[in-house]
Amino acid sequence: MDAFTTHTGRAVPLRRSNVDTDQIIPAVWLKQVSRTGFENGLFSAWREDPAFVLNDPVYEGASILVSGPDFGTGSSREHAVWALQQYGFRVVISARFGDIFRNNSTKMGLLPVVLPADVVERVQAAVEADPAAEVTVDLVERQVRLGDLVAEFEIDDYTRWRLMEGLDDIGLTLRHADDIAEYENGRQRWLPTTV
Amino acid sequence: MGRTLAEKVWEKHVVRRAEGEPDVLYIDLHLIHEVTSPQAFDGLRLSGRTVRRPDLTIATEDHNVPTVLGPIADLVSRTQVETLRKNTAEFGIRLHPMGDAGQGVVHIIGPQFGLTQPGMTVVCGDSHTSTHGAFGALAFGIGTSEVEHVLATQTLPAYRPKTMAIEVAGQLPVGVTAKDLILAIIAQIGTGGGQGYIVEYRGEAVRKLSMEGRMTVCNMSIEAGARAGMIAPDETTFEYLRGRPHAPTGTAWDEAVEYWKSLRTDDDAEFDKVVHIDASTLTPFVTWGTNPGQGVPIGSAVPSPEDFADPVQRSAAERALEYMGLAAGTPLRDVEVDTVFVGSCTNGRIEDLRAAADILRGRTVVTRTLIVPGSMQVKKAAEEEGLHEVFKAAGAEWREAGCSMCLGMNPDTLKPGERSASTSNRNFEGRQGKGGRTHLVSPQVAAATAVTGRLTAPADL
Ligand code: SF4
């Protein structure tokens, strides 16, 4: 996973709520067995509509998605995160995220930023007014900056540290293999096995 | 102060706790299917890691499988299923492939084998893992990176969510089901209402539910945004488990039951949030929109965007009506459907099929009607009871086990503009096939709808 400290880029406003993962990447795209090639599946049903915001050339190359509340609800498919990243997004800003989506994002280095709904709205309005406006998402300072707008966001220290270092969770957990082995010795004897 | 059920199960599984870090939780059971696992196994191979506990892992083929006999025609689907076979063989994981007597939707087979037991932690790369919470297990969906994590370490780093009680007072009226209850709950608290919480369903109406009904309720916890849903185990739970292939036996059973009885929220425990709902006022519920929170009693009309004060909800309603091709004010009972689907991990168990059969017995369907058992074992049980004859006589299609029309990944899909009454769990845009329109309902309403071709409650027949 790539380390994330601070990112500056243009943003695209997605004025929809409840953007579930079936919209982010429809089920037909989930049949792949590789981790690549999902960018074409991103919002593929919505992208058929020429008026859909991602089809607007002024937002081409944007790397920050600014969405209505409840982004990434629904299915656990991590393909949603891969599709967003492979399309070129590094950050998604929303007032609320689906839990599993948020977890998946931080595992992969896509930063989910929670801002109050009115601040999200201001960011959306600003980039609608000036699509070339640059937005900075600063994980070190936990800030989103755009012109004279400075918005603080919360993220727990551990996740922030892991993202800033680009660390692999599995490697971190395996440092505690002894604790796992010890726990296993104390498990209740009637617990089932699949064999 | 006392502890909630969720806290008890969580604490029992903490392998490591350190200041400022997520808890490392031990995972008792890891369920796997073909869609969210290939990249996880790849990751293991790339980093030279192995599966720590294949004996706590079980795999099945469900999302891609066609529900008519024969091989998978779609090449990409077939590759995905074959990849699962290779991966499970390489890492020594038990697999129930297509055609196997143990095959079925992942959340149906765990409980069916008795592998899901009270107080366990259960994960799967699938959001409806919350189903297993019906046994008083802590069960939640994870993404592919986390699947890889569990394969490699049998643990997951996680922060403990907050706890929410949903207190369901009174009794469900006759003809009102677990599905109606959970749809009503989601309509009340919203699709984000449970976000950040483990929900415990409590109260008289919940205690009276069968295990099947409890699974239906817990299954849809994720549709309210909750991390997990749980119901404290009781005699109903123990009776369901007794004698199942992986349930404890002999003295181990007695020990287990004694422990399981301690798995209830203490009287003096406090939840972070409490929601009340009165079961006795409920009627059959149906969704009109494109998220599971957009539901109303079947006797009402399609709402108007103006009914919503919140601008976000108003614009969501506008969009939903457009997608669904519905006009505000239309009585839901006037909405015509082309397809009825009974199945999925929400309502694909034997009790659901019995309920549908009771309505279809001696009647004829006027729509395309798919009845899809959630597992091969459910199929076998249904056939032993002769339910398949009832369905066939009514003109419905009786299929093999799989996810089927719950999601558009296998041959069972809606065509653009087609409308279904479906016992599944998601009415998202395109969920059942591109442009398809979904109304979520109970098996009873689905069956009654198949008879009339319009959204119908059994009592209307
Ligand atoms: S039946 Fe539907 S919700 Fe359940 S596991 Fe299959 S696709 Fe997912």
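Residues numbered from 1 in each chain as written. Chains lettered and ligands numbered in written order. Predicted model: local features only at pLDDT ≥ 70, side-chain atom pairs only at ≥ 80, totals over all residues. Heavy atoms only, no water.

Our working rule: UniProt positions are given in the numbering used here, feature names are shortened, and annotations may be inferred rather than shown by experiment.
Under an unreviewed UniProt entry, the name given to chain B is 3-isopropylmalate dehydratase large subunit, and the source organism is Planotetraspora mira. As stated in UniProt under Catalytic activity (unreviewed entry), the record for chain B gives "(2R,3S)-3-isopropylmalate = (2S)-2-isopropylmalate". Checking UniProt for chain B, the heading Subunit (unreviewed entry) contains the comment "Heterodimer of LeuC and LeuD."

As annotated in an unreviewed UniProt entry, chain A carries the name 3-isopropylmalate dehydratase small subunit and is attributed to Planotetraspora mira. On record in UniProt, under Catalytic activity (unreviewed entry), the comment for chain A is "(2R,3S)-3-isopropylmalate = (2S)-2-isopropylmalate". Under Subunit (unreviewed entry), UniProt gives the following word-for-word description of chain A: "Heterodimer of LeuC and LeuD."

### Observations concerning the overall build of chain A
The following threshold applies: Secondary structure elements are defined from DSSP: runs of H or I of at least 4 residues count as helices, runs of E of at least 2 residues count as strands, and each element is numbered from the N terminus. Buried residues are those whose accessible area, probed at 1.4 Å on protein chains only, stays under 20% of the maximum for their type, while exposed residues exceed 50% and partly exposed ones sit between those limits. Contacts: residue pairs with any heavy atoms within 4.5 Å of one another.
Per the secondary structure count, chain A includes eight helices and seven strands. Dimensions of chain A, computed from the C-alpha atoms along their principal axes, are close to 65 × 40 × 25 Å. A total of 195 residues make up chain A; the buried ones form 56% of that total. The contacts of chain A with a sequence gap of at least 6 include a subset with a gap of at least 24, amounting to 68%.

### Considering the site of the ligand
Quick reminder of the rule: Any residue with at least one heavy atom within 4 Å of a molecule or strand is counted as near it. Cavities and pockets are defined on a 1 Å grid built over the protein atoms alone: a cavity is a set of grid points where a 1.4 Å probe fits but cannot escape, while a pocket is an open set with protein on both sides within 12 Å along at least five of seven lines, and lining residues are those with an atom within 4 Å of any such point. A pocket or cavity is taken to hold a molecule when more than half of that molecule's atoms are within 2 Å of the pocket's grid points.
In the vicinity of the ligand, the contacting residues are H63(B), V105(B), H107(B), D126(B), H128(B), S344(B), C345(B), C403(B), C406(B), L407(B), N425(B) and R431(B). The pocket occupied by the ligand, as judged from atoms lying within 2 Å of grid points, is the largest cavity.

### A word on empty space enclosed by the protein
All names here are of chain B. So the rule is basically this: Grid points are joined across faces, edges and corners, and a volume is the space filled by probe spheres set on the points. Classes in brief: Ala, Val, Leu, Ile, Met, Phe, Trp, Tyr, Cys and Pro nonpolar; Asp, Glu, Lys and Arg charged; the others, Gly included, polar.
Tallied over the entire structure, the rule returns three cavities of 30 Å³ or more. In this structure, the largest cavity encloses a volume near 200 Å³. Lining the largest cavity are 20 residues, and of these H63, D126, H128, L407 and R431 sit closest to its centre. In terms of residue class, the lining of the largest cavity is built from seven nonpolar, nine polar and four charged.

### What to know about the pattern of salt bridges
Applicable threshold: The term salt bridge refers to a pairing of a side-chain nitrogen on Lys or Arg with a carboxyl oxygen on Asp or Glu at a separation within 4 Å.
Evaluated as defined, the whole model comprises 47 salt bridges over all chains. One network of salt bridges, in which partners are shared, links E184(A), R52(B), R53(B) and D55(B).

### What to know about the layout of surface pockets
Computed from the structure, the largest pocket encloses a volume of approximately 940 Å³. In terms of lining residues, the largest pocket is bounded by 35 residues, among which D99(A), R102(A), N103(A), D156(A) and Y159(B) are the most central. Taken together, the elements giving at least two residues each to the lining of the largest pocket come down to α4 (99–108), β4 (111–114) and α6 (157–165) of chain A together with β7 (138–141) and β8 (155–158) of chain B. A total of five residues in the lining of the largest pocket trace back to one element, the largest contributor, which is α4(A). A per-class count over the lining of the largest pocket returns 17 nonpolar, five polar and 13 charged.

### Here we look at the packing of aromatic side chains
Residue and element names in this part refer to chain A. Selection criterion: Pairing of aromatic rings covers Phe, Tyr and Trp, the last through its six-membered ring, and needs centres within 6.5 Å; plane angles under 30 degrees mean stacked, over 60 mean edge-to-face, and all others mean tilted.
According to the stated counting rule, one finds 17 aromatic pairs over all chains in the structure shown. Judged by centre distance (5.7 Å) and plane angle (5°), the ring pair of F43 and W46 falls under stacked. Accessibility assignment for this pair places F43 and W46 in one class, buried. One aromatic cluster is present, built from ring pairs that chain together F43, W46 and F52.

### A look at the pairing of strand β2 (residues 23–26) of chain B
Residue and element names in this part refer to chain B. So the rule is basically this: In this scheme, strands are said to pair when DSSP sees at least two bridges between them.
Here β2 shows two buried faces, one formed by D23 and L25 and the other by V24 and Y26. As paired elements, strand β1 (residues 14–16) and β2 share two bridges and run antiparallel to each other. The residue bridging V14 from the neighbouring strand is L25, located in β2. In textbook terms, the turn of a hairpin is the stretch between consecutive antiparallel strands, and for β1 and β2 this stretch comprises six residues, one of which, G20, has a positive phi near 80°.

### Observations regarding the interface of chain A and chain B
How we decide: Summed over both partners, the accessible area lost on bringing two parts together, with a 1.4 Å probe, is the buried area. For the purposes of these results, a polar contact is taken to be a pair of N or O atoms within 3.5 Å, where, inside protein, one atom must be able to donate a hydrogen and its partner to accept one; residues adjacent in sequence count only when each atom of the pair is a side-chain atom.
Listed as interface residues are 60 residues of chain A and, on the opposing side, 79 residues of chain B. Summed over both partners, the interface of chain A with chain B comes to about 5,700 Å²; 54% of that surface belongs to carbon and sulfur atoms. Summed over the three residues of chain A that lose the most area to chain B, namely K31(A), W190(A) and T194(A), the buried surface amounts to 15% of that side. Joining chain A to chain B, the criterion identifies ten salt bridges. A salt bridge links E184(A) to R52(B); its shortest N-O distance comes to 2.9 Å. On inspection of chain A and its partner chain B, the count reaches 40 residue pairs in polar contact (both at pLDDT 80 or more). For the side of chain A that touches chain B, the secondary structure elements donating two or more residues are α1 (21–24), α3 (79–87), α4, α6, α7 (169–174) and α8 (177–185) of chain A. By residue number, the principal contributor to the side of chain A that touches chain B is α4(A), which donates seven residues. Classifying every residue of the side of chain A that touches chain B gives 22 nonpolar, 18 polar and 20 charged.

### Structural notes on the nonpolar core
Let me state the cut-off plainly: Definition of nonpolar core: a set of buried residues of the types Ala, Val, Leu, Ile, Met, Phe, Trp, Tyr and Cys, connected through side-chain atoms within 4.5 Å.
With 92 residues, the main nonpolar core has L151(B), I166(B), V168(B), I185(B), Y201(B) and W260(B) as its most contacted residues. Sorting elements by how many residues they give to this core places helix α6 (residues 178–189) of chain B first, with eight residues. One finds A27(A), A62(A), I371(B) and F391(B) within the second-largest nonpolar core, a separate group that totals 78 residues.

### Thoughts on the side chain of K107(A)
Looking at where K107(A) falls in the secondary structure, it is placed in helix α4. If we ignore the near neighbours within four places in the chain, the residues touching K107(A) are M1(A), R162(A), D169(A), S145(B), E146(B) and P157(B).

### Quick word on unusual backbone geometry
Trans is the common state for peptide bonds, and a negative phi is the common state for residues other than glycine. One non-glycine residue, D70(A), adopts positive backbone phi at about 60°. Secondary-structure assignment places D70(A) in the loop between β2 (64–67) and α3. For S404(B), which is not glycine, the phi dihedral falls at a positive 50°. Mapped onto the secondary structure, S404(B) falls in the loop between β17 (397–398) and β18 (419–422). When its relative accessible area of 0% is taken as the criterion, S404(B) is described as buried.

### Quick word on the sheet that holds strand β4 (residues 57–60) of chain B
Residues and elements named next belong to chain B. Note the following rule: Axis definition: a line fitted to C-alpha atoms, limited for helices to the stretch in contact. Angles are taken between N-to-C directions and run from 0 to 180 degrees.
Ordered in space as β5-β4-β3-β6-β7, the five strands form an open sheet in which the pairing is parallel. The strands lining the two open edges of the sheet, one partner per strand, are β5 (94–96) and β7. Here the average twist between neighbouring strands, direction ignored, is 20°. The pairing of strand β6 (residues 121–124) with β7 spans four bridges and is classified as parallel. Paired with T121 across the bridge in β7 is L138. On top of the sheet, helix α5 (residues 144–153) reaches β3 (29–32), β4 and β6; it is set at about 130° to β3, its chief contact.

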